[in-house]
Structures are given as C-alpha cells and as structure tokens.
Amino acid sequence: MLTDYQQVIHELSERIVNAQRPIRILDALKWGPEIKTLFFKDKAKNLPAIDAAYYQQNYSLQFDPQKKIEEFQDIERAIRRKLGQYSGVGSIMQRMCREYIRVVDMLVNRGTPRFTEISQELYGSSEDAFHVGAPTLKDLATLVSTTLANIKDQVTNDSDIKKYTSEEVVSILIKRFADYFTDKNFSPRVELSDGILADAAAGADRIKIHKGLLFSEREIRVFEVHEGWVHLGTTLNGLAQPVCTFLSKGPPSSTITQEGLAIITEIFTFASYPGRLKRLTNRITAVNMAEEGANFIDVYHFYREEGLSPTESFHAAARVYRGSTPDGGPFTKDLSYSKGFILIYNYTRLAVQKGLISHIPLLFLGKTTLEDLHILADLVEEGIVAPPKYIPPQFQDIAALSAWMCYSLFLNKLDLKRLAADFKAIL
C-alpha cells in the first residue's frame, strides 16, 4: 500500500511513462530498404535521396509534436506544484520532461541542420572533452585504432569463427537467459528480426537478433552480457519499481549511462575483445568524419577500407546519417557507448575512493543517469525506490571490483610515455 506521498510520485511518474510511449526515436530515423537497393544499383556512386520530406512522407511521427511538447510542459508544471521546487525525485522527473521535449524537437527537425545540433546536445559530440585539458572521444578512437593495429592477428582463436546461424544464436541465448533471469513469471523472448541495423537489439521484454547472419562465440557472449544482463536486466528492474515507474524508460541521458554500463560490463566479464573495440571506435571516427563535413559515401568507403563488406559498410554508414541527410551532420547516438564507458569507469573508481561503493550497484536500478545516482541512493533508503534484482555478478559482490579500482587510481598517476621510454630495453 502506497503512502499519499508515494502515490503522488507514482501518478506523476506514470504520466511521464504514458507521455513518452509513442516516441520511438530509432523508428522515426530509419531509412527504408529501397534506399540500399538503389544505392548499390547506382554502384555506390550517388548519395541516397534523403531529405526532410523523405522522413515526413515515409516515417511520419505517431503523435502531434506541439501537443506532445505541451503535454510534457504540463507534467513538468504539475511536478513542481505537487512535489515542490527542491524535491530530489521531482528534479529527476522534471529533467526527463525537458529532455523529451528536446527529443520531440529533434524529430521534428529530421533532415535539417537542427537535427544534428540537437543530437549533439542530447548525446554529445566527438570533440567533447571530459574535463579541462582532457583528451576527447576522437583522441580515444585514434589511440585505440593505433593500438589495435599493433596486435592485429595476434589475439584471434576459434572463439572468433563465425559459425552460428541467427537461429542457433536465438536458441543459445534463450537457454542462457533462463539461468540468469530467475523470475518464474517472466521468460525473456529472443527472436529473429530483419528490421534492425545492429546485429542485436534489446526491447522492453525481448532481444532481437539480426536474421540471416553468422555469429561467433565471442559475439554471442557480448549479446548475453550487453543486451541481456544490462539492457534487459535494467528494464526489468525499472518495471519492478512500485513508485518510480519512470525508471523503466529513459531519455537520451540515460542512453549514455546504459550503453556505457553495458560496455563496462562486457569488459569486466572479459566478454569484450579487440574486434568489438574496433567496431566501437570506428563509430566515433565515422561520427567525427560527418561532423567535419564528410558525406555518406566518404563514410561508406571508410568502412570498406576497414574491411567491412559492401552491405555492412552501408548499414554502418546509415547509422551515422539516419535522421539527417547523406551530406548533412550525423546522428551522434553511437558516441554513447564509449562516452558512457569512460564516465562510468571514472564514476566507479571515484566512488571507491570516496567510500561510496554501495552506490555502484544502483546503476542497475533501471534506466538511470549518472547525475541522478546520489538522489536515487537517498530514495532507496527512503523506500521509494526498490533495490535492483538483476545485477551482473561482477557488481553484486564489489570486493574484487573495489580492489581493481584502487590499483586503477594509482596507475592513472603514472606517465605512460615515461614508462615506454624506460621499458624500451625490455619490450
């Protein structure tokens, strides 16, 4: 039974959940299959015919943008009136309303320069710094690419052989998730799909696997950890919230946290691998190319030079320009993976340094955002937010993680260039 205060929070939370329901960002940005057909019919020499009219005619929004904006504004006002100006949970919900308004504005501006401007506001840019004087995501891509080139062909084995069909991957994941998701009332659905750009994608209650492909054991492990343990797990934890139901859904700021959490979990479970890192950093490079004026064909050829097939290169380039035009700015969501990883890794080691390790598992409460975590910790203590049920093993008992972070804090103080010079005689 909810208290009067909890009931108010719950009602406002439900208003946000219901208001965002028809907003489907990726569905509104996609290109139809005819675009790829025509591109290859023209021997990859002409830019796809995508403009603002294309999105309006083929992927019209399933809501009235102005009414949707007014709806979120009304919810934001109701939150201030009912919870007060300085309420912690109220501040989270108000920020969500403002973000969704920006999302609607971004979708209205598909196919125009404003689309990329708002995307950069919501997801970031490849040139964003993490602090004054810090390297950027573009610098990360350069460093990782150089390093990967040095270990090329030295780290592959049988686990990298693509021998599992999409159908076999579905069966394998169903079995693995049955062991991880122990709720008898829920059975995760894993199904085939030919309507996604990614190899795999997590929805509210299911994971989709791209139909007609072959996958390696390493890739299956990444799907298990990334899409299952993190994305599906945090969705279920959010859906289990009795009061703050908004934690089952998330605006762009939570996307950065969620994708970063998924990548760091891949690394902590040793599920990630050089090929995976190359894919992620290539996305940074591709977004940066578009930000600096490259067009779709330029990015397509970049991926071809990276060893992708023509079809793979088309899909990878389409991820960059979806929602925009083939000679316009990028959709910057793909920066979320690496940006989120860096932010969460630093948060984790600083939480250890400051003795706040109990906050770390709360990242899995639902679709969380780093900046809200201190408020969510208070809400857990108040009994307004329920602790997460599904937490990857590496974050359940954080003793080993804490030890790792303690060493990380020290290693960060060492000068790698000086070490390289000193170790030159033994390397």
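Look above for the structure.
Treat the numbers as computed from the prediction; the structure is a model and nothing was measured.

Basis of the calculations
Residues numbered from 1 in each chain as written. Predicted model: local features only at pLDDT ≥ 70, side-chain atom pairs only at ≥ 80, totals over all residues. Heavy atoms only, no water. Buried < 20%, exposed > 50% of the residue type's maximum accessible area, 1.4 Å probe, protein only. Helix = DSSP H or I, 4+ residues; strand = E, 2+ residues; numbered from the N terminus. Contact = heavy atoms within 4.5 Å. Phe/Tyr/Trp six-rings, centres within 6.5 Å; stacked < 30°, edge-to-face > 60°. 1 Å grid on protein atoms, 1.4 Å probe; cavity = no way out; pocket = protein on both sides within 12 Å on 5 of 7 lines; lining within 4 Å. Points joined across faces, edges and corners; volume = space filled by probe spheres on them. Nonpolar A, V, L, I, M, F, W, Y, C, P; charged D, E, K, R; others polar. Salt bridge = Lys/Arg side-chain N within 4 Å of Asp/Glu carboxyl O. Core = buried A, V, L, I, M, F, W, Y, C linked by side-chain atoms within 4.5 Å. Pairing = 2+ DSSP bridges. Axes fitted to C-alpha atoms, helices over the stretch in contact; angles between N-to-C directions.

Another aspect to go through is helix 16 (residues 373–382). Within helix 16 the residues assigned to the buried category are Leu373, Ile375, Leu376, Ala377 and Leu379. Against helix 6 (88–108) and helix 15 (336–353) lie the buried residues of helix 16. Directly after helix 16, the chain includes glycine 383, whose backbone phi takes a positive value near 85°.

The geometry of an aromatic ring pair is captured by two quantities: the separation of the ring centres and the angle between the planes. Counted under the stated rule, the structure contains 26 aromatic pairs. A ring pair is formed by tyrosine 180 and phenylalanine 181, whose centres lie 5.0 Å apart and whose planes are at 85°; its orientation type is edge-to-face. There is no split in this pair, since tyrosine 180 and phenylalanine 181 are both buried. One aromatic cluster is present, formed by Trp31, Phe39, Phe40, Phe296, Tyr300, Phe314 and Tyr321 through successive ring pairs.

Once that is clear, we can look at empty space enclosed by the protein. Rolling a probe over the atoms, with the probe sized like a water molecule, indicates the empty space that remains. As enumerated under the stated definition, the model contains one cavity of 30 Å³ or more in all. Empty space within the largest cavity amounts to approximately 60 Å³. Looking at the largest cavity, the residues that line it are Ile92, Arg95, Met96, Phe246, Leu247, Lys249, Lys367, Thr368, Thr369, Asp372 and Leu376. It is helix 6 that provides the largest number of residues to the lining of the largest cavity, a total of three residues. When its residues are assigned to classes, the lining of the largest cavity shows five nonpolar, two polar and four charged.

Should the charged atoms of two oppositely charged side chains come close, the side chains can pair. The final tally for this structure, using the stated rule, is 29 salt bridges. In this structure, the salt-bridge partner of glutamate 127 is lysine 138, at a minimum N-O distance of 3.8 Å. Placement of glutamate 127 in the loop between helix 7 (113–123) and helix 8 (137–150) and of lysine 138 in helix 8 is noted, with a sequence separation of 11 residues between them. Using a relative accessible area of 29% as the deciding quantity, one classes lysine 138 as partly exposed. Here aspartate 334 makes a salt bridge to arginine 319, at a shortest N to O gap of 2.7 Å. One end of the pair, aspartate 334, is in the loop between helix 14 (310–321) and helix 15; the other, arginine 319, is in helix 14, with 15 residues separating them in the sequence. Classification of arginine 319 as buried rests on a relative accessible area of 9%.

Moving on to the nonpolar core. The biggest cluster of nonpolar side chains holds 63 residues, and the ones touching the most others in it are Ile23, Ile25, Met93, Leu107 and Cys244. Contacts of cysteine 244, omitting those with residues within four sequence positions, involve Ile9, Ser13, Val89, Ile384 and Val385. Judged by nonpolar contacts, the second largest core, of 23 residues, contains Tyr54, Ala286, Ala290 and Ala318.

As a further point, take the sheet that holds strand 2 (residues 189–193). Taken together, the three strands give an open sheet; going across it, the order is 2-4-3, and neighbouring strands pair in mixed fashion. Unpaired on one side and paired on the other, strand 2 and strand 3 (200–202) mark the two borders of the sheet. Direction aside, neighbouring strands of the sheet carry axes that sit 25° apart on average. Lying on the sheet, helix 9 (residues 166–180) is in contact with strand 2 and strand 4 (206–210); it crosses strand 2 at an angle near 165°.

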